[in-house]
Each structure stands twice: as C-alpha cells, then as structure tokens.
Amino acid sequence: MRTVVSLIAVTAVLAGCGGTDGEELQQWMSEQRSQTRARVQPIPEPKKFTPQDYGQDAATDPFSNQKLTQALKRESAQSTSNAALIAPELARRKEALESYPLDSMAMVGSLIKTGQPVALLRVDNLLYQVRAGNYLGQNYGRITKIGETEIVLREIVQDGSGEWIERIAKLQLQEGSTK
C-alpha cells in the first residue's frame, strides 16, 4: 500500500512540473522579441563616377611594329656587346661525344682518377670517361663540374633572335638502368 501511495505522489509532482515550463518559455521569447530593436547602419551614398578622357591617343601603340622595332634595336645593341663574350668555338675540332644529343647519354658512375673527378657515360652501349673541360652534346656543351651524382655543363645555344646565349644543363646519375 505504501508503494502505491508513494507512486501516486511522485506522479502528481511530476505532472505539476511539466505543463507550465513551455508557457513561461513562450512568454519570455515574446517579451525579448518586443524589446529587441534592430540596429542597421545605413549604406553610404555611392561616389559619383566622373569619366576621364583617354589621353594616350598621341602615344605609340604598345602593339605597333614601331614599338617592336625599337625594342629589338635596344636588345640587339645590348646583345652585340655580349656577343663577343658568348659564342661557340667553331674553329676547334669536335670531340666524339658532341655528335650525340644529351638525352641519348646516361651517367652510370663517377670516380676519382689521379685526383680529378671522372664521370662514366654510356652512349650506344659504350662507356666513355669524361672530365671537366670535355665537350658533350650537340649544343656546344662543356663540362664545368663533375659530382658523384651529376654532371653540370654549360651549353651555348641560339635564342629566337639568333643571338648566342648560355644555359646550364645537367646529366643525372642513372642508377640501375639497363639501356
């Protein structure tokens, strides 16, 4: 009997707590909505656009032939001073490895011979020993440095305007390659 009475009391207490919370919450929300004011700052007036006259009518068109000719003359004047400094040695006798392109060569090793670094190159299944100062490839490439894993060379090639320029090329060590 006591358990039944205590069960009825607990149920009555719980029933009394459940109904009023939702109403209080709704009342509080409506009060907050009525008290809250939106604070929006007005957008500033746009600045008035005043068009400007194009003042470059008398200037040289950047895409004209005259402008291109001026740029080429200026560039050729600079390259003529450099032309004596950068040019292939056409009068010297070519070495054997100058008849092959660089992409047909593979560095397969390096060693020190009489205190000088020597690289081993494979070309057409033949091994060649090269040192700094030797020439390689079809672009007047001259070996400037031999490391354990690469050969660095300076090539002299012609650019689009026919002037000689220098570029650096490298041959990397080809480990485990069987061409």
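Above this text is the structure in question.
Residues numbered from 1 in each chain as written. Predicted model: local features only at pLDDT ≥ 70, side-chain atom pairs only at ≥ 80, totals over all residues. Heavy atoms only, no water.

## Description of the sheet that holds strand β2 (residues 116-123)
The antiparallel open sheet is built from 3 strands, whose spatial order is β1-β2-β3. Lying at the two open borders of the sheet, with one neighbouring strand each, are β1 (106-113) and β3 (126-130). Each strand axis lies, on average, 25 degrees off the axis of its neighbour in the sheet, ignoring direction. Sheet topology places β1 next to β2; 7 bridges connect them, and they run antiparallel. When the sheet's bridge partners are listed, Leu111 is paired in β2 with Val118. (Pairing = 2+ DSSP bridges. Helix = DSSP H or I, 4+ residues; strand = E, 2+ residues; numbered from the N terminus. Axes fitted to C-alpha atoms, helices over the stretch in contact; angles between N-to-C directions.)

## Some thoughts on the nonpolar core
With 15 residues, the main nonpolar core has Met105, Leu121, Val130, Leu136 and Ile151 as its most contacted residues. Sorting the residues of this core by element identifies β2, β5 (141-146), β6 (150-158) and β7 (164-172) as the ones contributing at least two each. If one sorts the elements of this core by residue count, β2 sits on top with 3 residues. Among residues more than four places away in sequence, those in contact with Val130 are Leu97, Pro117, Val118, Ala119, Leu121, Leu136, Ile143, Ile146 and Ile151. (Core = buried A, V, L, I, M, F, W, Y, C linked by side-chain atoms within 4.5 Å. Buried < 20%, exposed > 50% of the residue type's maximum accessible area, 1.4 Å probe, protein only. Contact = heavy atoms within 4.5 Å.)

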